[in-house]
Amino acid sequence: MLTLGRIAEDPPVLTHRLNTATGPEIVLRPLTHGDAEPLSGFLQGLSRESRRFSTFAGHDLAAARELCDAIARYDKLRLVLEETPSGRVVGLLELSLGLTPGDIARYRAAGIGLVEGADCRFGPTLADDYQGRGVGTLVLPLVTDAVRRLGRSRIILWGGVLADNARAVRFYQKNGFRQVGSFVGPDGALSLDMLLDLGKEPARAAAGP
């Protein structure tokens, strides 16, 4: 079984080259300590709308350095999508192997018991010009494979998905996620809790975010 420490020591274990139908080749790989500058460019380039849909604490070089400094220190695995040959970061996919008390309580209220060591959280963000091009659908099977290799069997959404993010909601539904509940965040926005059981075959998907 993979561990976060092993991934940090040997990033190629989760590195994949992907051909997109509408652009250059991209590489999916673990975030490394040397990625602060390109990751900062990715965060700064996100539109106001994309920032609203994401869960990042900041969108500058300091925020990027903080994410890089956290590699293998906590319960997080972060994967970047890198465009070749430019080296531009065009996506950040976040996995958390830990659960929050809020997650556990909300899912319990929906009749689902989350289990530490079996469930994980997932939050993807793509650059604005990569959204709606099917990249999410191309990458998700690699993410679910990594989750299985990390010993997890179910995925919930990191902080849920905003109910008015229609493109993301459709993407998750078409890729086998099911809605299990909803909640109102501190800002008054409605979000949906969704879950993917990796023991079940997901529906065939169309283009994603």
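Note that the structure is predicted; figures quoted are calculated from it, not measured.

Attention now goes to the overall build of the chain. Helix and strand content of the chain: 7 helices and 9 strands. Computed over its C-alpha atoms, the radius of gyration of the chain comes to 16 Å, within 12% of the 17 Å expected for a compact globule of 209 residues. With the C-alpha coordinates of the chain rotated into their principal frame, the extents come out at 45 × 35 × 35 Å. A buried classification covers 49% of the 209 residues belonging to the chain. In the chain, of all internal contacts separated by at least 6 residues, the share reaching a separation of at least 24 is 67%. Of the roughly 9900 Å² that the chain leaves accessible, carbon and sulfur atoms contribute 51%.

Time to look at the pattern of salt bridges. Summed over the entire model, instances satisfying the criterion amount to 14 salt bridges. Residue Arg-78 pairs with Glu-94 through a salt bridge whose shortest N-O separation is 2.5 Å. Within this pair, whereas Arg-78 is found in strand β3 (residues 76-83), its partner Glu-94 is found in strand β4 (residues 89-96), the two being separated by 16 residues in sequence. As far as burial versus exposure is concerned, Arg-78 and Glu-94 are alike and both buried. The closest approach of N and O atoms between Arg-121 and Asp-103, which form a salt bridge, is 3.7 Å. Note that Arg-121 is positioned in strand β5 (residues 119-126) and Asp-103 in helix α5 (residues 101-109), a separation of 18 residues in sequence. Of the two residues, Arg-121 and Asp-103, neither departs from the other in class, the shared state being buried.

Here the largest pocket is characterised by a volume of approximately 680 Å³. In terms of lining residues, the largest pocket is bounded by 32 residues, among which Arg-52, Phe-53, Ser-54, Leu-162 and Asn-165 are the most central. A class-by-class count of the residues in the lining of the largest pocket yields 14 nonpolar, 12 polar and 6 charged.

This paragraph deals with the confidence of the model for the chain. A residue-level look at the chain finds 95% of positions with pLDDT of 70 or above and a mean pLDDT of 92. Confidence, read as mean pLDDT per element, is least for helix α3 (residues 48-53) in the chain (92) and greatest for strand β6 (residues 154-157) (98).

Under the counting rule described, the total for this entry stands at 1 cavity of 30 Å³ or more. Here the largest cavity defines a volume of roughly 90 Å³. Around the largest cavity, the lining comprises 12 residues; the ones closest to its centre are Leu-93, Phe-122, Pro-124, Gly-136 and Val-139. Considering every element that reaches the lining of the largest cavity, the biggest residue donor is helix α6 (residues 135-149), with 5 residues. For the lining of the largest cavity, the per-class residue count stands at 11 nonpolar, 1 polar and no charged.

Turning next to the side chain of Arg-154. By secondary structure assignment, the location of Arg-154 is in strand β6. Engagement of the side chain of Arg-154 in a polar contact is seen with the side chain of Asp-119, the distance being 2.8 Å. Aside from chain neighbours lying at most four places away, what touches Arg-154 is Ile-112, Gly-113, Leu-114, Val-115, Ala-118, Asp-119, Cys-120, Leu-195, Leu-196 and Asp-197.

So, how was this worked out
Throughout this document, residue positions are counted from 1 along each chain, in the order its sequence is written. In keeping with the predicted nature of the model, local features appear solely for residues at pLDDT of at least 70, side-chain atom pairs appear and are counted solely at 80 or more, and the whole-chain, interface and lining totals rest on all residues. Water and hydrogen atoms were dropped before computing side-chain values, which therefore reflect all heavy atoms in the structure. For the purposes of this entry, the term helix denotes a DSSP run of H or I that reaches at least four residues, the term strand denotes a run of E that reaches at least two, and both are numbered from the N terminus. Atoms counted for the radius of gyration: C-alpha only. Globule rule: 2.2 Å times the number of residues to the power 0.38. Accessible area is worked out with a 1.4 Å probe on protein chains only. A residue is then buried under 20% of its type maximum, exposed over 50%, and partly exposed in between. Contacts were defined at the residue level, with two residues in contact if any of their heavy atoms lie within 4.5 Å. Each accessible area value is a Shrake-Rupley result obtained with a 1.4 Å probe; residue values ignore everything except the protein chains displayed when judging cover. Salt bridges are counted wherever a side-chain nitrogen of Lys or Arg sits within 4 Å of a carboxyl oxygen of Asp or Glu. Residues are said to line a cavity or pocket when one of their atoms sits within 4 Å of a point; the points come from a 1 Å grid over protein atoms alone, cavities being sets where a 1.4 Å probe fits but cannot get out and pockets being open sets with protein on both sides within 12 Å along at least five of seven lines. Grid points are joined across faces, edges and corners, and a volume is the space filled by probe spheres set on the points. The nonpolar class holds Ala, Val, Leu, Ile, Met, Phe, Trp, Tyr, Cys and Pro. Asp, Glu, Lys and Arg form the charged class, and all remaining residues, Gly among them, are polar. Every residue gets a pLDDT, meaning the predictor's confidence in that residue, from 0 to 100. Polar contact criterion, stated in full: a pair of N or O atoms within 3.5 Å, where within protein one must be able to donate a hydrogen and the other to accept it, and residues adjacent in sequence count only if both atoms are side-chain atoms.

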